[in-house]
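For reference, the chains in residue letters:
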Amino acid sequence: MTPAEERFDDLVSELLGLPGVTPPGGSGFGRSALRVHNKIFAMLVRGQLVVKLPKERVDALVDAEEGDNFDANKGTPMNEWFALSPDSALDWSPLAREALAFVGGH
């Protein structure tokens, strides 16, 4: 297991007890995703934490050079999806909780 996979497993363990949060599973896009009420809010893709956040927040994180807009290999960055740089010092937990609140409507 890679360090990123270990970090994501720790994140999954931390968030699974919260209302509406379900573990990764299934197949295809989002198989490594945490969901709230069946909507993806955080996932591990190519060793990076990817979270769904408001476009303005994603833009601010990109401007701060913490990562990039997520591109699902379709050639177009997704406005509300942020891929955290492996070099970023940002803590995964608060970022994932921010995504959970955004997607879960809280």
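Each chain carries its own residue numbering, running from 1 in the direction its sequence is written. For a predicted model such as this one, the threshold for reporting local features is a pLDDT of at least 70, and the threshold for listing and counting side-chain atom pairs is 80 or more; totals across whole chains, interfaces and linings nevertheless cover every residue. With hydrogens and water excluded, all non-hydrogen atoms of the structure serve as input to the side-chain values.

1. Points about a negative patch on the surface
Link 1 in the chain: A contiguous patch of negative charge on the surface is contributed by Glu-5, Glu-6, Asp-9 and Asp-10.
Link 2 in the chain: Helical segments are the DSSP runs of H or I of at least four residues, strand segments are the runs of E of at least two, and each set is numbered from the N terminus. Inspection of the secondary structure assignment puts Glu-6 in helix H1 (residues 3–15). Patch construction takes residues with relative accessible area above 30% that form no salt bridge. Like charges are linked within 9 Å, and nonpolar side chains (Val, Leu, Ile, Met, Phe, Trp, Tyr) are linked within 5 Å. Under the convention used here, a 1.4 Å probe and the Shrake-Rupley method define accessible areas, while residue burial counts only the protein chains that appear. Throughout this description, the term salt bridge denotes a Lys or Arg side-chain nitrogen within 4 Å of a carboxyl oxygen of Asp or Glu. Think of it this way: Lys and Arg go in the positive column, Asp and Glu in the negative one, and His and the chain ends go nowhere. The atoms used to mark charge sites are NZ of Lys, CZ of Arg, CG of Asp and CD of Glu.

2. As for the packing of H1 against helix H3 (residues 92–104)
Link 1 in the chain: Axes here mean lines fitted to C-alpha atoms, for a helix over just the part in contact, with angles spanning 0 to 180 degrees between N-to-C directions. At a minimum axis distance of 11 Å, the contact between H1 and H3 shows a crossing angle of 55 degrees. As far as their axial angle goes, H3 and H1 are oblique. In the crossing of H1 with H3, the sense of the turn from one axis to the other is right-handed. Of H3, the residues touching H1 (which contributes Ala-4, Arg-7, Phe-8, Leu-11, Glu-14 and Leu-15) are Trp-92, Ser-93, Ala-96 and Arg-97.
Link 2 in the chain: Class assignment for the residues of the contact of H1 with H3 results in six nonpolar, one polar and three charged. To sort the angles, those under 35 degrees are grouped as roughly parallel, those over 145 as roughly antiparallel, those from 65 to 115 as roughly perpendicular, and the leftovers as oblique. By the definition used in this description, the sense in which the near helix is turned from the far one sets the handedness, with an anticlockwise turn below a right angle giving left-handed and a clockwise turn giving right-handed. We call two residues in contact whenever any of their non-hydrogen atoms come within 4.5 Å of each other. For this classification, Asp, Glu, Lys and Arg are treated as charged, while Ala, Val, Leu, Ile, Met, Phe, Trp, Tyr, Cys and Pro are nonpolar and the rest, including Gly, are polar.

3. Looking at the pattern of salt bridges
Any two side chains of opposite charge can pair if their charged atoms end up close together.
Link 1 in the chain: Tallied over the entire structure, the rule returns four salt bridges.
Link 2 in the chain: Residue Glu-98 pairs with Arg-57 through a salt bridge whose shortest N-O separation is 2.6 Å. Taken as a pair, Glu-98 in helix H3 and Arg-57 in helix H2 (residues 55–63) lie far apart in primary sequence, 41 residues in all.

4. Some thoughts on the sheet that holds strand S6 (residues 78–84)
Link 1 in the chain: Ordered by their spatial adjacency, six strands build an open sheet running S1-S2-S3-S4-S6-S5, and the pairing between neighbours is antiparallel. Every interior strand has two partners, whereas the edge strands, strand S1 (21–22) and strand S5 (67–70), have only one.
Link 2 in the chain: Strand pairing is assigned whenever DSSP detects at least two bridges linking the two strands. The pairing of S5 with S6 spans four bridges and is classified as antiparallel. Pairing of Phe-70 across the sheet is with Met-78, part of S6.
Link 3 in the chain: Each of S1, strand S2 (33–36), strand S3 (39–45) and strand S4 (48–52) is contacted by H1, which is oriented at about 155 degrees to S3, the strand it contacts most.
Link 4 in the chain: Sitting on the sheet, H3 is in contact with S1, S2, S3, S4 and S6, with an inclination near 30 degrees to S4.

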